[in-house]
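# Breakdown of the fold
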Amino acid sequence: MGWSSYLSRQLSERRDTSLWRQRQVNQKSDGRFLYTNDGRYLNFSSNDYLGLSTNPAVISAWQQGAEQYGVGSGGSGHITGYTKAHQLLEQQLADWLDYPKALLFISGYSANQGVIAALMTKQDRIIADRLSHASLMEAAIHSPAQLWRFLHNQPESLTDLLARPCIGKTLVVTEGVFSMDGDCAPLADIYQQTRISGNWLMVDDAHGIGICGEQGRGSCWQQKVKPEILIVTFGKAFGLSGAAVLCDEQTAEYLIQYSRHLIYSTSMPPAQAQAISEAVRQIQSGDELRQRLQQNINDFRRQAQKLPFNLTDSTTAIQPLIVGNNELSMSLSQYLQQKGIWVKAIRPPTVPPGSARLRITLTASHTQQDIDMLMEALYEFRS
């Protein structure tokens, strides 16, 4: 079979299912609204939880960085792409989160891939929560280590797997706040079991950092846990993009020497690093924003109790409505769009079969009226 025939067959099979994906061009977003060629929509699909993507101080920091450094880094951090802006941000993150070192990566996906690929050998094993993010699972699958999965948020299942012998090292992997269900990992119990067995814990806190804990320090801080490896990303509460790995000095030096994702990627623009640094300051002083977000979460959950769709146990900004059927989830998403509300349906393979959903995300930018409008449309669809 030739290339064209193969691609044509695969695309035809996907198009005939309810899993066909399409991108849509957006003109701009101001945190609360999304603007397209078709008009303006209330945006309930954004990960910009605190609205910092449009924060004037963050924008100004990026502009000042661009004037000082230009708009790109010019190379890998190992060649010419590691500037004073990068160094200061790494130190700021390390001080804020109480780790000896922080290393910047171009994305959360790259950070997860880079850490696991560099650390694991064929004698090792990774024991991951079965609902961990695709970037973690793919990194584990493609690493030489064995991949074992424990039942979602069940430390007893982890304990059973840890009790089994392993020749090499064991890395336990989980998210802090799970990206599709919005629920929080029992990190204290997971960390305790990992330490008792003499192993390491890696936590991806992409959706917890900035939102949970004192000064928004994240899920681990909130649960008084300090994993050996902490991944924080800047594409959610920070309103930007990129990621950092928090760890001890020895692990950081090892990654500098051996992480191919770090060595062979062009580093983020210095102007972006300066903008992230300002976003950190906004998060540290952002109690009012976090309180507003929590009020919106509470109001949504109170009103959603009477909907015919299942809510997860999430108390975070991620509030999925489990529809189940792929076609119905798409119909509901399209109905909301007709009502001026932007909420995308999430279907397998991103989520398990039979759990298609609307992944509703709340932000500090939403108003009471916005949530009322969303709920009114959901109730109308039900009737």
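Residues numbered from 1 in each chain as written. Predicted model: local features only at pLDDT ≥ 70, side-chain atom pairs only at ≥ 80, totals over all residues. Heavy atoms only, no water.

What follows deals with the environment of Arg-217. Residue position: Arg-217 is located in the loop between strand 8 (200-204) and helix 8 (219-222). Expressed as a C-alpha distance, the spacing of Arg-217 and Val-232, which sit 15 residues apart in the sequence, is 9.9 Å. Among residues more than four places away in sequence, those in contact with Arg-217 are Trp-96, Leu-97, Ile-209 and Cys-212. Within the structure, Arg-217 has its side chain in polar contact with the side chain of Gln-215 (distance 3.1 Å). (Helix = DSSP H or I, 4+ residues; strand = E, 2+ residues; numbered from the N terminus. Contact = heavy atoms within 4.5 Å. Polar contact = N/O pair within 3.5 Å; in protein donor to acceptor, adjacent residues only side chain to side chain.)

Looking now at the UniProt feature "modified residue: N6-(pyridoxal phosphate)lysine" (unreviewed entry) in the protein chain. The feature "modified residue: N6-(pyridoxal phosphate)lysine" (unreviewed entry), as given by UniProt, occupies Lys-236 in the numbering adopted here. Topologically, Lys-236 is positioned in the loop between strand 9 (229-233) and strand 10 (243-247). The contact partners of Lys-236, leaving out residues within four places of it in the chain, are Asn-47, Asp-48, Tyr-49, Ala-206 and His-207. (UniProt positions renumbered as here; feature names shortened; annotations may be inferred.)

To continue, consider the pattern of salt bridges. By the definition in use, this model includes 10 salt bridges. A salt bridge links Arg-217 to Glu-214, with the shortest nitrogen-to-oxygen separation between them at 3.6 Å. Arg-217 sits in the buried class, given a relative accessible area of 14%. Notably, a salt bridge pairs Arg-302 with Asp-299, separated by 2.3 Å at the nearest N-O pair. A residue pair is termed a helical-turn pair when its members lie 3 or 4 positions apart in one helix, as Arg-302 and Asp-299 do in helix 12 (residues 287-304) at three residues. For Asp-299, a relative accessible area of 7% gives the class buried. (Salt bridge = Lys/Arg side-chain N within 4 Å of Asp/Glu carboxyl O. Buried < 20%, exposed > 50% of the residue type's maximum accessible area, 1.4 Å probe, protein only.)

Here we come to the sheet that holds strand 11 (residues 310-311). The strands that make up a sheet are held in pairs by hydrogen bonds between backbone atoms, and each pair lies either parallel or antiparallel. If you walk across this open sheet you meet the four strands as 11-12-15-14, and the pairing is antiparallel. Among the strands making up the open sheet, the edge pair consists of strand 11 and strand 14 (345-346). Sheet topology places strand 12 (residues 318-324) next to strand 15 (residues 356-361); six bridges connect them, and they run antiparallel. Of the residues in strand 15, the one forming a bridge with Pro-320 is Arg-359. (Pairing = 2+ DSSP bridges.)

Time to look at a nonpolar patch on the surface. Residues Met-1, Trp-3, Tyr-6, Leu-7 and Leu-11 make up a contiguous nonpolar surface patch of roughly 630 Å² in combined accessible area. Structurally, Trp-3 is set in helix 1 (residues 3-15). Judged by relative accessible area, which is 70%, Trp-3 ranks as exposed. (Patch = residues over 30% accessible without salt bridge, like charges linked within 9 Å, V, L, I, M, F, W, Y side chains within 5 Å. Areas by Shrake-Rupley, 256 points an atom, 1.4 Å probe, with all protein chains shown as cover.)

What follows covers helix 6 (residues 155-162). Restricting attention to buried positions, one finds in helix 6 the residues Pro-155, Ser-157, Leu-158, Leu-161 and Leu-162. Buried positions in helix 6, seen along its axis, are confined to an arc of 155° and lie on one side of it. Exposed and facing more than 90 degrees away from the buried side of helix 6 are Glu-156 and Asp-160. In the core, the buried residues of helix 6 are packed alongside strand 5 (125-129), strand 6 (146-150), strand 7 (170-175) and helix 7 (187-196). (Arc of directions from axis to C-beta.)

Turning our attention to the pairing of strand 9. Most of strand 9 sits out of view: five of its five residues are buried. Side chains of strand 9 alternate between two faces, with Ile-229, Ile-231 and Thr-233 and Leu-230 and Val-232 buried alike. Sheet topology places strand 9 next to strand 10; four bridges connect them, and they run antiparallel. From the neighbouring strand, Leu-230 faces strand 10, where its bridge partner is Leu-246.

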